[in-house]
Amino acid sequence: MSKAGHAKRESQTGTRRFISGVVEGFYGRPWTMEQRTDLFKREQKWGLNTYLYAPKDDYKHRMYWRDLYSAEEAEQLITLISAAKQHDVEFIYAISPGLDITFSNPKEVAVLKKKLDQVKEFGCTSFSLLFDDIETEMCPADKQAFSSFAHAQVAVTNEVYQHLGEMETFLFCPTDYCDAFCTPNVSQSSYLHTVGEKLLPGIDILWTGPKVVSHHITVESIEEVFSVLKRAPVIWDNIHANDYDPQRLFLGPYKDRPSELIPKLRGVLTNPNCEFYPNFVAIHTLATWCKSTTDGGLRDVEMSDEEQDPCYSPQKALTLALTDWLQEFLSTDQPGGLSRPPARLKKESSDEEPMQTDMGESSYNPGPGENPLYTAEPLTLDDLKLLSDLFYLPYEHGPTARTMLQELDWLKNHHQAATAETDKTAEWCSRAQQFDEMCDAVVQMFNRLSNAPNRSILYDLYNYICDIKSGVSLARAYVKTLGGRGRPSAQVMNDEPEPWGFRGGLSGEFQRMLPCHGNRDLFRHPPMTAVYSIRPFCPEDKMEVQRIFREMQGGGEGKVPLMTQPPLITDSLSAGEIPPSPQCAFVLEDEIGMCGYTLALTDAKPAAANIQREVTDLLFEDFPSLLTIQVLPRVTDPAPAKRMIGQLLSSIRSNGSKGVFCELRQSDKRMVDFYTKLGSFKTIKVAGLPQDTLAMGMSL
């Protein structure tokens, strides 16, 4: 019995197999049909069982989802679905109608059903509806028909699910598909609660973890998601995705997901690099992780105590993957690979001049004192380990890459020791030599990769390895210049270098002009940020505070003008209608001028009466004080705002208050996110709040 048939039997007996495999869900050029067939072979060989078809730039998957497939396209999909079945891989067809579907229009739903019915006729028995990366504002017709965006999505999904009938698997991707998208958080998200309660139980839900690209996924975070969704999620894992940065590639192991997660999940699908062939490591190590059990595996001695997993070692999984990948590099089986020289054929008599062909023998033999013929050295496992270290994971470099950055930083900071005799001169020279050897290893790796027989893999890697070779060569030349070895490198020192001497193009120019550029580098230098000052509010600041308030609350694209919104208690405080309490107001300034403020009332009850808001006395018993904060968008660093609100809370506490609350419009996602990430403010229930308003409080 095939695995697909086995899965059916298991679902009937109440035991469901663990979904494991690959989602082709990135933005960019989709994989070819030949590459997908190759993927199915790999999945079968490594014990994975699922492929989710969801390429964002397949027009008929997303942008033109209503269009049926042509006869030629249908033939390709039929062949692909058949190939998946032949290799015991479950083919899940995903469609993304969320860009422009009108949920309340029966004709739209009928078109969606018709499209999926067509794919079902191709032999597909598993489907997925994706509502990720779309606008959350409903059209007027949908607002009349549904009480929320979640209700609209659930209604259509349930109807389509029931229409399709018996299926292997049906997946749903919510719009809020990670912790970071939930307002105010996972456990209190009305969107997720609606999905969990209303979505039919046979439908599984995709989830990316704490973030879109999650560094860690913990058991505790998944248990929280399970409690809201009423089912174990299927992880859509973007840890190896690179569609958001064309200069990055990820060749590190699947890691920072403890094997204890496996019984807590419905499955894991990796959404890997856009380039097909470099995904060998990502998929291979995921397969190793999926096979880890509570009684198998050894601890990874290179991991810290808190990261140890008794069942799965990322470093050992990486070594296994690279060992197998090396054989593919050395193979000529892939299309485009170099072929072995053909055997010499016996010449037949002919009056014509024979065509000149390569008979596998060199026509030139160097003589004494001449340059020897170039001989390509074979690629080694150490080369692939170095390659993986240089292109590791989104949140960390590999060990060798970290060492190179640390050494370059030390050599640069102690460059005086290279030109003047100090107690560090010998150490500087020794470390410079070691750095040079590490740089040379990168260059030699590049040379051996460039001569590897499998050209298909090389072509997917080539731009990346050229880039890292160039960057390392620049650093190598710079260190030699510091040490006085040879003439200064024109690549490093020239005011008008060759174009390969700098990186990034126009995008790089934009990034270098931004105030926080470099703050997210994995190897961090002290960030070049603006200088801010915090001082007490004075009466002369009133007009500037009002200006900032109007700027942040005024109408604009995607915003409702303030005069059309229900008033908040904090509005009268920011607008200057009510003065802040003594010693309970601060302003934030940068080199341009005032860029933020925070104001408070130690007793908020009169302010509520001022706008004729009926608020229960229970609120003021627990949270008698009120505060507000606004910061202009040019302040990209949250630290100054945190320090300012910290000073304000200390002043409120010194005035004898036992609690403080704030009111926020849910559309003000920037400030909702700010208060949520402070950690000390929690959502509180307040009777009589205007629609789409949130109250958050903190005990002092």
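Below is a summary of the structure that appears in this document. Everything numeric in this text was worked out from a predicted model, so none of it was measured.

## Comments concerning the overall build of the protein chain
On a plain count of helices and strands, the protein chain comes out with 23 helices and 15 strands. Evaluated residue by residue, the protein chain yields a buried proportion of 47% over its 700 residues. Contacts spanning at least 24 positions in sequence make up 75% of the contacts within the protein chain whose residues lie at least 6 apart.

## Quick word on the nonpolar core
Ranked by size, the top nonpolar core spans 120 residues in total, and within it F91, Y93, W289, W325 and L387 carry the most contacts. Residue contributions to this core peak at nine residues, all from helix α15 (residues 455-482). Leave out the neighbours within four places in its chain, and F91 touches F40, Y51, Y53, L77, L80, I81, A84, C124 and S126. One finds L588, C662, Y675 and F681 within the second-largest nonpolar core, a separate group that totals 53 residues.

## Details of the packing of aromatic side chains
Within the structure shown, the criterion is met by 26 aromatic pairs. Both rings, one in F280 and one in W325, keep their centres 6.0 Å apart while their planes meet at 10°; by these two values the pair is stacked. Of this pair, F280 sits in helix α9 (residues 280-290) while W325 sits in helix α10 (residues 314-329), and the two are 45 residues apart along the sequence. Accessibility expressed as a relative area gives 4% for F280, which makes it buried. When the centroid spacing of 5.8 Å and the interplanar angle of 75° are considered together, the rings of F674 and Y675 count as edge-to-face. Assigned by exposure class, F674 and Y675 land together as buried. One aromatic cluster is present, built from ring pairs that chain together F40, Y51, Y53, Y69, F91, Y93 and F122. Above the face of the Y27 ring, K56 is positioned so that its terminal group lies 5.6 Å from the ring centre. Between the NZ or CZ atom of R431 and the centre of the ring of W410, over which it lies, the distance is 4.0 Å.

## Here's the deal with empty space enclosed by the protein
Summed over all chains, the structure comprises five cavities of 30 Å³ or more. Taken as a whole, the largest cavity holds about 140 Å³ of empty space. Lining the largest cavity are 17 residues, with Q553, T628, Q630, E663 and D668 sitting closest to its centre. Secondary structure elements with two or more residues in the lining of the largest cavity: α18 (542-553), α19 (569-574), β12 (625-631), β13 (659-665) and α23 (669-678). Across the lining of the largest cavity, the residue classes break down as eight nonpolar, five polar and four charged.

## With respect to helix α22 (residues 639-654)
Over its 16 residues, α22 runs 23 Å from end to end, which matches the ideal 22 Å to within 8%, given 1.5 Å per residue. What α22 keeps buried is the set P640, A641, M644, I645, L648, L649, S651 and I652. One or two positions beyond α22, positive phi appears at G656, with a value near 95°.

## Remarks on the sheet that holds strand β6 (residues 204-207)
The eight strands are arranged β1-β2-β3-β4-β5-β6-β7-β8 in a closed barrel whose pairing can be described as parallel. The average undirected angle you get between the axes of adjacent strands in this sheet is 25°. Summarising the sheet, strand β5 (residues 170-173) and β6 pair through two bridges and their orientation is parallel. When the bridges of β6 are listed, L171 appears paired with D204.

## Some words on the side chain of S450
With respect to the helices and strands, the residue S450 is situated in helix α14 (residues 425-450). Of the residues examined, S450 reaches a relative accessible area of 15% and is grouped as buried. For S450, the side chain forms a polar contact with the main-chain oxygen of F446, separated by 2.8 Å. Non-local contacts of S450, meaning those with residues more than four positions away in its chain, are made with R455, L458 and Y462.

## Some remarks on unusual backbone geometry
Cis peptide bonds are those with omega within 30 degrees of zero, and the linkage from T183 to P184 qualifies with -10°. Summarising the element assignment, P184 is placed in the loop between β5 and α7 (190-198). With phi around 65°, D256 is a residue other than glycine that occupies positive phi space. Its location among the elements puts D256 in the loop between β7 (234-237) and β8 (267-270).

## Some remarks on the pattern of salt bridges
The full count for this structure, using the stated rule, is 30 salt bridges. Here D38 ties to R42 by a salt bridge, and the two come within 3.2 Å at their closest N and O atoms. With D38 and R42 both in helix α2 (residues 33-46), this residue pair falls four residues apart, about one helical turn. Assessed through its relative accessible area of 8%, R42 is described here as buried.

The rules behind these values
- Residues numbered from 1 in each chain as written.
- Predicted model: local features only at pLDDT ≥ 70, side-chain atom pairs only at ≥ 80, totals over all residues.
- Heavy atoms only, no water.
- Helix = DSSP H or I, 4+ residues; strand = E, 2+ residues; numbered from the N terminus.
- Buried < 20%, exposed > 50% of the residue type's maximum accessible area, 1.4 Å probe, protein only.
- Contact = heavy atoms within 4.5 Å.
- Core = buried A, V, L, I, M, F, W, Y, C linked by side-chain atoms within 4.5 Å.
- Phe/Tyr/Trp six-rings, centres within 6.5 Å; stacked < 30°, edge-to-face > 60°.
- Lys NZ or Arg CZ within 6 Å of the ring centre and 35° of its normal.
- 1 Å grid on protein atoms, 1.4 Å probe; cavity = no way out; pocket = protein on both sides within 12 Å on 5 of 7 lines; lining within 4 Å.
- Points joined across faces, edges and corners; volume = space filled by probe spheres on them.
- Nonpolar A, V, L, I, M, F, W, Y, C, P; charged D, E, K, R; others polar.
- Expected span 1.5 Å × (residues − 1).
- Pairing = 2+ DSSP bridges.
- Axes fitted to C-alpha atoms, helices over the stretch in contact; angles between N-to-C directions.
- Polar contact = N/O pair within 3.5 Å; in protein donor to acceptor, adjacent residues only side chain to side chain.
- Salt bridge = Lys/Arg side-chain N within 4 Å of Asp/Glu carboxyl O.

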